[in-house]
Amino acid sequence: MNAPKLHDCRDAFALTLERLAAANQKIVAVCNDSVGSSKLGGFKSKFPDRLVNVGIAEQNMVGVGAGLANGGRLPYVCGASPFLTGRSLEQIKADISYSNANVKLVGISSGMAYGELGPTHHSIEDFAWTRVLPNLPVIAPCDRIETAAAVEWAAAYDGPCFLRLSRVGVPDLLPENHRFELGRANLLREGSDVTLIANGTLTHRMMKAADILSGRGIRARVLNMATVRPIDEDAIIAAATETGAIVTAEEHSIFGGLGSAVAEVVVDSAPVPMKRLGVPGVYAPTGSAEFLLDEFGMAPTAIADAAVALIKRK
């Protein structure tokens, strides 16, 4: 059987943004000397007067985005996620979230996508930093199809949002006609013994883990939880009550991210055994993203083993 084709979600982001910009002259792109890594070369060629490159000045970049929004433009502010969120967090809080500015923040190469560049370039805190802010939806698409749908949704949404994208190739999981709905999880696989919840680069690994579990006679439900805030409480409560155990996995610290968001719902509304897989409160070392995910227990077989151990606690 041939391996599925892998896609860089940045390509889907760039192509969708160019298509939207052709139909809407209010759309502009703002970046931090990241035309290449944000895949904005095509946008620059087609709309040279609608690309603002502020240089390596992320705090200024967010402020420029807020100013453009206040002037009636529709800015997509793009940059490597560790610097867009970490270096500019005060501006995101005050200029974007508090002001409810219509700015679309796009964190490129999130998680451990810059693996070989080490801990300074890992972005394993961005869920925690952004999901605590009011007015700011936090979204991590699982494939190129959901990325395109989320970028299109963001253009129609009246308010700020944070799109968390990776550069690590992932297979298609959703149908071509998929429409993104804020706060709505996607049921990718039915199951009654345990629920596996992920987003971004981990969703396809959860699907592989479910296949492994099926071979062991365990029926695993798989939820793609692209929206971290607002999270789909109904889907989580249903998973807890109907399957009795939940495993989350994320390319992020286990503190403050997707697993924490799911656990908050579980402890309030439907307490069941849970296991949060992710980076366990340490700085991730240098290495490829694939290596690091495996190293932190998120290879499909390791996820399946974690689910089996969790089921025994039911």
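Residues numbered from 1 in each chain as written. Predicted model: local features only at pLDDT ≥ 70, side-chain atom pairs only at ≥ 80, totals over all residues. Heavy atoms only, no water.

1. Considerations on the pairing of strand β8 (residues 194-198)
Here's step 1: With respect to burial, β8 is a largely interior element, 5 of its 5 residues being buried.
Here's step 2: Of the two faces of β8, both are covered, the one formed by Val-194, Leu-196 and Ala-198 as well as the one formed by Thr-195 and Ile-197.
Here's step 3: As paired elements, β8 and strand β9 (residues 220-224) share 5 bridges and run parallel to each other. By the bridge assignment for β9, Ala-198 is matched with Asn-224.
Here's step 4: At this point the chain moves from β8, through helix α8 (residues 203-215), to the parallel β9, and the crossover so formed is right-handed.
Here's step 5: Judged from the 4 bridges that link them, β8 and strand β11 (residues 246-253) form a sheet pairing that is parallel. Within the sheet, the bridge partner assigned to Ala-198 lies in β11 and is Ala-249. (Buried < 20%, exposed > 50% of the residue type's maximum accessible area, 1.4 Å probe, protein only. Helix = DSSP H or I, 4+ residues; strand = E, 2+ residues; numbered from the N terminus. Pairing = 2+ DSSP bridges. Right-handed = clockwise from strand over helix to strand, strands pointing away.)

2. Quick notes on the nonpolar core
Here's step 1: Grouped together as the largest cluster of nonpolar side chains are 36 residues, with contacts concentrated most on Leu-105, Met-225, Ile-231, Ile-236, Ile-246 and Val-262.
Here's step 2: When contributions to this core are tallied by element, the ones reaching two or more residues are α3 (58-70), α5 (89-97), α9 (233-243) and α10 (258-269).
Here's step 3: Element by element, the count of residues in this core is highest for α10, at 5 residues.
Here's step 4: With residues near it in sequence (within four places) discarded, Ile-231 still touches Gly-183, Met-225, Ile-236, Leu-258, Ala-261, Val-262 and Val-265. (Core = buried A, V, L, I, M, F, W, Y, C linked by side-chain atoms within 4.5 Å. Contact = heavy atoms within 4.5 Å.)

3. Re the pattern of salt bridges
Pairs can form between side chains of opposite charge once their charged atoms are near each other.
Here's step 1: One pass over the structure, following the stated rule, counts 16 salt bridges.
Here's step 2: Its salt-bridge partner being Asp-8, residue Arg-10 comes within 2.6 Å of it at the nearest N-O pair.
Here's step 3: By relative accessible area, Asp-8 is classed as buried at 14%.
Here's step 4: As a salt-bridge pair, Arg-19 and Glu-152 come within 3.1 Å of each other at their nearest N and O atoms. In this pair, Arg-19 sits in helix α1 (residues 9-23) while Glu-152 sits in helix α7 (residues 144-156), placing the two residues 133 residues apart along the sequence.
Here's step 5: Under the relative-accessibility criterion, Arg-19 is labelled partly exposed at 45%.
Here's step 6: On the accessibility criterion, Glu-152 (39% relative accessible area) is partly exposed.
Here's step 7: A cluster of three or more residues bridged by salt bridges with shared partners is formed by Arg-144, Asp-172 and Glu-176. (Salt bridge = Lys/Arg side-chain N within 4 Å of Asp/Glu carboxyl O.)

4. Re the sheet that holds β9
Here's step 1: Overall, mixed pairing links the 5 strands, which are arranged β7-β9-β8-β11-β12 in an open sheet. Looking at the sheet topology across the chains shown, the edges are occupied by β7 (186-189) and β12 (274-279). Across the sheet, the mean angle separating the axes of adjacent strands is 25 degrees when strand polarity is ignored.
Here's step 2: Here α10 sits on the sheet and contacts β8, β11 and β12; the angle it forms with β11, its principal contact strand, is near 145 degrees. (Axes fitted to C-alpha atoms, helices over the stretch in contact; angles between N-to-C directions.)

5. Regarding unusual backbone geometry
Here's step 1: A cis amide bond links Arg-229 to the next residue, Pro-230, at an omega of -5 degrees.
Here's step 2: Along the chain, Pro-230 turns up in the loop between β10 (227-229) and α9.
Here's step 3: Here the phi dihedral of Asp-33 falls at roughly 60 degrees; this positive angle occurs in a residue that is not glycine.
Here's step 4: Looking at the element boundaries, Asp-33 is found in the loop between β1 (27-31) and α2 (41-46).
Here's step 5: Phi is positive for Lys-39, close to 60 degrees, though the residue is something other than glycine.

6. Some thoughts on the sheet that holds strand β3 (residues 74-80)
Here's step 1: What the 7 strands build is an open sheet, ordered β2-β1-β3-β4-β6-β5-β10; its pairing is mixed. The open sheet has two free edges, formed respectively by β2 (51-53) and β10, since each of these has just one partner strand.
Here's step 2: Bridge analysis of strand β5 (residues 138-139) against strand β6 (residues 161-164) gives 2 bridges, and the strand direction is parallel. The partner of Ile-139 across the bridge, within β6, is Leu-163.

7. Some thoughts on the packing of α9 against α10
Here's step 1: Where α9 meets α10, the axes come as close as 10 Å, and the angle between the chain directions of the two elements is 60 degrees. One element, α9, and the other, α10, form an angle in the oblique class. The crossing of α9 and α10 is right-handed. Between α9, through Glu-233, Ile-236 and Ile-237, and α10, the contact on the second element is made entirely by Val-262, Val-265, Val-266 and Ser-269. (Parallel < 35°, antiparallel > 145°, perpendicular 65-115°, else oblique. Left-handed = near helix turned anticlockwise from the far one by under 90°.)

8. What about the environment of Thr-130?
Here's step 1: Assignment of secondary structure puts Thr-130 in helix α6 (residues 126-131).
Here's step 2: Separated by 49 residues in the primary sequence, Thr-130 and Ser-81 have C-alpha atoms spaced 11 Å apart.
Here's step 3: Leave out the neighbours within four places in its chain, and Thr-130 touches Thr-85, Leu-136, Val-138 and Phe-162.
Here's step 4: Polar side-chain contacts of Thr-130 include one of 2.6 Å to the backbone oxygen of Asp-126. (Polar contact = N/O pair within 3.5 Å; in protein donor to acceptor, adjacent residues only side chain to side chain.)

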